[in-house]
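Below are the chains, spelled out letter by letter.
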Amino acid sequence: MTFARGVLLLGMAVATVLTFVLPPAKGFREPDLARIIFFHLPCAFMTSGLVFLAAWQGIQVLRTRSPQLDVRHAATVELGALFGALTMATGILFSKVQWGTWWQSDPRQTSFLMVLLILAVGLILRAAIGDERRRAAVSASYSVAALVPAIYLIFVYPRLPHITKESFHPSNTIAQGGFDSAYRLGLISVFAMLVGLAVLLYRMRVRVGQLELQWEVTNGNVDDFGHGAADSRLVRPVSVRPERGP
Amino acid sequence: MVPPILVWFGLFLYVQNVDRKLRTLESAMADPASRSKD
């Protein structure tokens, strides 16, 4: 595990240096600053992949009702939201340097904001439900249901003809050969490192979930470990009327 | 320079958070008596 982490760290350093060494991409307003795409695009790919994985795991959780699968599903939901936030942050930086403003209200920017909100609601939902079984079922159902709007917002809406005409997003620049093979190498390198890091994070997060499950079996509630569950203890009303004397 | 720092730092923070939880749980599982629940 330590060796894998070392290799990953080295790979991240090499990939980052590579993104600065490669020549600027032509076809952008600020070719030198188009390097943001090296980080933005792989994060967006990761988010899309994790949305699909969460839906698949959601189906598995609903079929089996297994707490172990719910732990895996929870890890995927968290990672999806994390990569979604990173996609949005790098996209906002791209907007500033290429379009001159932090928020362009570009259709693609707005549609991804909606995707990010969908992912955030997934996290809030998990944090809001105290009962483990109910949390697993509701969260899994949400992930499955969220796949439909996510597919529309990520793949369909930005490619509608009138949206493509209005949008500043450089999807067309990329499709029309704005990136040469060297740029593709940079993109693939960063993407590979992000996949490696996501696998490492996923395994760590699943291990945390499994330990929490074990702890709950042997010691009861695990809320004090920051599981994120709402306090499910009941407060019963008690009569405080003073007793009348004889 | 900002985007790679942003991405790697964001992921690093998450790693730190999960790693801290993992260590806490592992030590609690190893020695449950040392941790009081309330």
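Everything discussed here concerns the structure shown above.
Let me sum up the structure you'll find in this document. Bear in mind that the values here come from a model prediction, so they are computed numbers and not experimental data. Residue indices begin from 1 for each chain and proceed along its sequence in written order. For naming, the first written chain is A and the first written ligand is 1, with later ones following in the order written. With pLDDT at 70 or above as the cut-off, local features in this predicted model cover only qualifying residues; side-chain atom pairs require 80 or more to be listed or tallied, and sums for whole chains, interfaces and linings still use all residues.

### As for the interface of chain A and chain B
Working definition of a contact: two residues with C-beta atoms, positioned from the backbone, lying within 7 Å. Contacts between the two partners involve 26 residues from chain A, matched on the other side by 21 residues from chain B. Numbering of helices and strands runs from the N terminus; a helix is a DSSP stretch of H or I covering at least four residues, while a strand is a stretch of E covering at least two. Counting residues per element, the side of chain A that touches chain B draws most heavily on helix α8 (residues 181-219) of chain A, which supplies 11 residues. When the residues that make up the side of chain A that touches chain B are grouped by side-chain class, the tally is 15 nonpolar, seven polar and four charged. When residues are sorted by character, Ala, Val, Leu, Ile, Met, Phe, Trp, Tyr, Cys and Pro go into the nonpolar class, Asp, Glu, Lys and Arg into the charged class, and all the rest, Gly among them, into the polar class.

### A word on the packing of helix α1 (residues 2-21) of chain A against α8(A)
Residue and element names in this part refer to chain A. For helices, the fitted axis covers only the stretch in contact; all axes are lines through C-alpha atoms, and the angles between them, taken along N-to-C directions, range from 0 to 180 degrees. Relative orientation of the contacting elements α1 and α8 amounts to 150 degrees, with a least axis distance of 9 Å. Compared by their axis directions, α1 and α8 come out roughly antiparallel. In this structure, the crossing between α1 and α8 has a hand that is left-handed. For the pair formed by α1 and α8, the contact residues are R5, L8, G11, M12, A15, L18 and T19 on the first element and G186, S189, V190, M193, G196, L197 and L200 on the second. Considering only residue class, the contact of α1 with α8 consists of eight nonpolar, five polar and one charged. For classification purposes, angles smaller than 35 degrees are called roughly parallel, those larger than 145 roughly antiparallel, those between 65 and 115 roughly perpendicular, and all remaining angles oblique. For any pair of crossing helices, the crossing counts as left-handed if the nearer helix is rotated counterclockwise from the farther one by less than a right angle, and right-handed if it is rotated clockwise.

### Overview of the nonpolar core
Across soluble globular proteins, nonpolar side chains have a tendency to be buried as a group. Any nonpolar core is a set of buried residues, restricted to Ala, Val, Leu, Ile, Met, Phe, Trp, Tyr and Cys, that join up through C-beta atoms within 7 Å. Burial in this document is a count-based property: other C-beta atoms within 10 Å of a residue's C-beta are tallied, and the residue is buried at 20 or more, exposed at 12 or fewer, or partly exposed in between, with C-beta positions derived from the backbone. Membership of the largest hydrophobic core comes to 46 residues, with the highest contact counts inside it found for C43(A), L79(A), F83(A), V190(A) and L194(A). Listing elements by their share of this core, those giving two or more residues are α1, α2 (37-64), α3 (67-99), α4 (107-128), α5 (132-156) and α8 of chain A together with α1 (2-30) of chain B. Apart from the residues lying within four places of it in its own chain, the contact partners of L79(A) are L50(A), A198(A), L201(A) and Y202(A).

### Things to note about the environment of T76(A)
All names here are of chain A. Assignment of secondary structure puts T76 in helix α3. On the basis of neighbour counts, which here come to 25 C-beta atoms within 10 Å, the residue T76 falls in the buried class. A sequence separation of 141 residues divides T76 from V217, and the C-alpha atoms of the two residues are 23 Å apart. With near-sequence residues (within four places) excluded, T76 lies in contact with L50, L53, A54 and Q57.

### Some points on unusual backbone geometry
Residue and element names in this part refer to chain A. Residues other than glycine seldom take positive phi values, yet R65 does so here, at roughly 55 degrees. Positionally, R65 belongs in the loop between α2 and α3. The exposure class assigned to R65 is partly exposed, which follows from the 13 C-beta atoms found within 10 Å.

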